[in-house]
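Coordinate inspection notes
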Amino acid sequence: MEIEQSRLLDALPAMVWTAKPDGHVDFVNRRWSEYTGLDLDQVRCSGWQAAIDPQDLPNLIESWRSILACGEPGEMEARMRRVDGQYRWFVIHCSPMRDDVGRIVEWYAINTDIDQRKRAEEALRQDEARLTAAERDIRQTIDTIPVFVATYSPDGTRTFVNRTWQDYMGLTLEDAIGPSGKTSPHFYPDDVERNDAAWRVALESGEPLTIDVRVRRADGQYRWHTSRRVPHRDENGRVIRWYSVGIDIDDQRRAEEALLASRHDLGLIINTIPVMAWSARPDGSPEFFNQHYLHYVGLSIGQSKDWEPAGPLSEYWDLTAAVHPDDVDRLAATWEAILASGKSGEAEARLRRFDGKYRWFLFRANPLRDEAGIIVKWYGTHTDIHGRKRAEDALKRSEAFLSEGQYLARMGNLSWQVATGKITWSEPLYRIFEFEPGTLVTLERIASRVHPEDLPLMGDMVERALRGDSDFEYQHRILLPDLSVKHLHLIAHRARNDSGHIEYVGAVLDITQRRRSEEALEKVRSELAQATRIMSLGALTASIAHEVNQPLSGIVTNAGTCLRMLAADPPNVDGARETARRTIRDGNRAADVIARLRASVRQKGHDS
């Protein structure tokens with residue numbers, strides 16, 4: 001009998017097992033064993049628990065004990081492990097078999113796979129949870145979003161408003177819905193009739209409505225809103241509800257008004273500034289010219305409307321017609337290079353005025369790029385630099401004259417910033433020192449040219465500059481590589497540059513030729529003085545000889561006369577005596593001349 005029962009249970013297309021009255025498993029059919037991979041010997045007593053998911057086992061044992069305790073049919077759910085290790089949900093239906101006296105002699109149970117149902121139930125539960133959460137989120141979103149949300153019945157009666165609407169209006173939901181929804185007491189008085197008329201037309205036609213109105217806030221302030229109402233229809237096309245949103249556009253409206261005013265002001269600025277402004281497409285073709293540009297070329301655009309050209313704008317962009325012939329090729333090449341590079345650029349050229357006169361302009365162009373970096377437009381200006389060009393030409397001529405004058409005068413300019421040590425020379429000064437023009441000049445490099453005997457002068461100059469003396473002037477020599485010597489005259493004055501630092505500005509004059517001329521002149525003067533002294537000495541000698549010769553001649557004559565008188569027979573003693581007195585007189589005269597000469601020579605010696 002038991003064998004037949006086992007065969008019958010094994011033949012059933014379900015997982016079947018039996019247990020004793022105390023709950024201990026005493027049989028499992030073939031399908032149960034095939035699913036779990038456990039045989040009867042392994043599942044006896046409590047071995048069947050190995051096939052139950054550990055998370056479900058406590059609840060399953062508790063449910064099994066409850067069923068055993070009550071002795072009534074029951075069911076349990078748990079996940080059972082398949083032979084491949086996968087768990088699937090099963091519902092276990094248990095039913096007791098009783099003997100004739102009603103005692104339980106065996107428990108029969110069948111395990112039914114409900115994994116798909118459980119998964120579906122879980123998915124449904126999750127969907128319901130998500131739907132509930134979504135409904136809650138939608139309601140919270142509707143109440144939170146900073147726009148008015150409302151619904152209306154087909155006749156236009158308001159049936160719902162969100163929290164934003166209530167807070168703005170200062171009304172409760174009960175106050176907002178109902179028949180009052182057909183009116184617009186919270187709209188600006190000038191907008192009420194326009195809004196109500198448009199709403200009636202929408203209700204009659206069933207067409208969506210969009211209108212801008214001013215809505216009164218709870219504090220009495222009006223703000224612009226865009227109201228958008230659309231119908232919701234059933235499957236037959238009948239309107240069953242209206243949905244409405246109201247968006248605060250007050251800031252936008254104010255910004256638009258400010259933008260319009262700004263554009264107007266910008267237009268006035270662009271057309272008033274004394275600069276020729278223009279814009280061009282990415283390919284360089286012209287798109288816009290301001291009034292100043294058109295006035296320059298002789299066109300009138302009026303004040304009230306934008307100017308519309310009589311012909312293509314390219315006619316006013318024609319470089320060959322407007323630009324000086326000598327500048328056309330250069331300007332065209334520059335513009336092509338700017339377009340090719342996609343970078344800002346500039347050029348100078350002469351542009352013909354409406355009266356045929358040419359004036360110098362600075363052409364500048366800048367690209368406007370989008371977020372991807374692609375050029376969408378070119379903007380440019382033509383700035384009149386005619387006066388500057390004339391000034392530059394005059395300055396160049398002046399600088400040329402100055403440079404030539406410095407060259408002829410053998411003079412150069414310099415500046416010396418004491419704090420930084422930066423020294424700037426003019427080109428003639430490089431030539432004076434025989435330095436390569438444009439090379440760096442330092443005090444050490446200058447000192448390498450100063451004559452060794454004049455280095456103390458340079459040291460004194462540096463010390464005075466460090467003390468901040470206002471002016472200094474020096475004459476010194478420099479020794480060139482070929483050992484030739486130049487005499488220089490330095491004059492410098494203290495000033496302050498744009499940064500407020502002390503800077504000496506001065507000039508250096510090459511006085512070598514002057515010094516040589518002075519030396520030659522001094523030599524000539526010395527030689528002339530020597531010749532003068534010699535000539536003066538000759539004249540003095542002749543004078544001395546004349547002064548001395550007279551008394552000496554008298555002495556000789558008187559001496560001869562005296563000898564003749566004494567030699568006479570008889571001697572003329574009285575005449576000889578008188579002659580001797582004249583001789584003494586002439587000797588005294590000679591002595592006086594010699595004394596005066598000695599005194600004169602002695603006095604000149606003291607004077608010299």
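Counting restarts for each chain: residues are numbered from 1 in the order of the written sequence. In keeping with the predicted nature of the model, local features appear solely for residues at pLDDT of at least 70, side-chain atom pairs appear and are counted solely at 80 or more, and the whole-chain, interface and lining totals rest on all residues. Excluding hydrogens and water, the side-chain values take into account all heavy atoms of the structure.

Observations concerning helix α4 (residues 57–70)
Think of it this way: any DSSP run of H or I at least four residues long counts as a helix, any run of E at least two long counts as a strand, and we number them from the N terminus. Expected helix span is given by 1.5 Å per residue-to-residue step, counting one fewer step than there are residues. In this model α4 runs 20 Å from its N-terminal to its C-terminal C-alpha over 14 residues, within 8% of the 20 Å that 1.5 Å per residue would give. The classification of residues rests on relative accessible area computed with a 1.4 Å probe and restricted to protein chains. Under 20% of the type maximum is buried, over 50% is exposed, and intermediate values are partly exposed. Taken together, the buried positions of α4 are occupied by Leu57, Leu60, Ile61, Trp64 and Ile67. In an axial view of α4, the angular spread of the buried residues amounts to 125°, which keeps them on one side of the axis. Seen from the open side of α4, the exposed residues pointing more than 90 degrees away from its buried face are Pro58, Asn59, Arg65 and Ala69. Should any heavy atoms of two residues lie within 4.5 Å, those residues are considered in contact. Along its buried surface, α4 packs onto β1 (15–19), β3 (74–81), β4 (87–98) and β5 (104–113). Following α4 by one or two positions, Gly71 adopts a phi angle in the positive range, close to 70°. What the arc describes is the spread of directions from the helix axis to the C-beta atoms.

Describing the sheet that holds strand β19 (residues 485–496)
Each pair of strands is called paired provided DSSP finds at least two bridges between the two strands. Taken in spatial order, the five strands make up an open sheet running β17-β16-β20-β19-β18, and their pairing is antiparallel. Every interior strand has two partners, whereas the edge strands, β17 (422–425) and β18 (471–479), have only one. Strand-to-strand twist in this sheet, taken as the mean axis angle between neighbours without regard to direction, amounts to 25°. By the bridge criterion, nine bridges tie β18 to β19 in an arrangement that is antiparallel. Within β19, the residue paired with Leu479 across the bridge is Val485. Whenever a helix is involved, its axis is fitted only over the stretch in contact; in every case the axis is a line through C-alpha atoms, and angles between N-to-C directions fall within 0 to 180 degrees. Each of β16 (411–417), β18, β19 and β20 (502–510) is contacted by helix α16 (residues 455–467), which is oriented at about 150° to β18, the strand it contacts most.

What about the side chain of Asp56?
Inspection of the secondary structure puts Asp56 in the loop between α3 (40–43) and α4. A residue is classified by how much of its surface remains accessible, and Asp56, at 9% relative accessible area, is buried. Only 2.8 Å separates the side chain of Asp56 from the side chain of Arg79, close enough to count as a polar contact. Contacts described as polar in this section are N or O atom pairs within 3.5 Å, which, within protein, must combine one atom able to donate a hydrogen with one able to accept it, while residues neighboring in sequence count only if both atoms come from side chains.

Structural notes on α16
Look at α16: 19 Å from first C-alpha to last across 13 residues, which is about the 18 Å you get at 1.5 Å a residue. Each element contacted by the buried residues of α16 is listed here: β16, α15 (443–447), β18, β19 and β20. Positive phi appears at Gly468, one or two residues downstream of α16, with a value of about 90°.

Concerning the environment of Met461
Positionally, Met461 belongs in helix α16. Placed twelve residues apart in sequence, Met461 and Glu473 show a C-alpha to C-alpha distance of 8.6 Å. Contact partners of Met461, with chain neighbours within four places excluded, come to Trp416, Phe472, Tyr474 and Leu490.

Regarding the confidence of the model for the protein chain
Averaged over every residue, the pLDDT of the protein chain is 82; residues scoring 70 or more account for 86%. What pLDDT expresses is the predictor's confidence in each residue, scored from 0 to 100. Note on residues 301–311: pLDDT is under 50 here. Beyond four places in sequence and across chains, it has 13 contacts.

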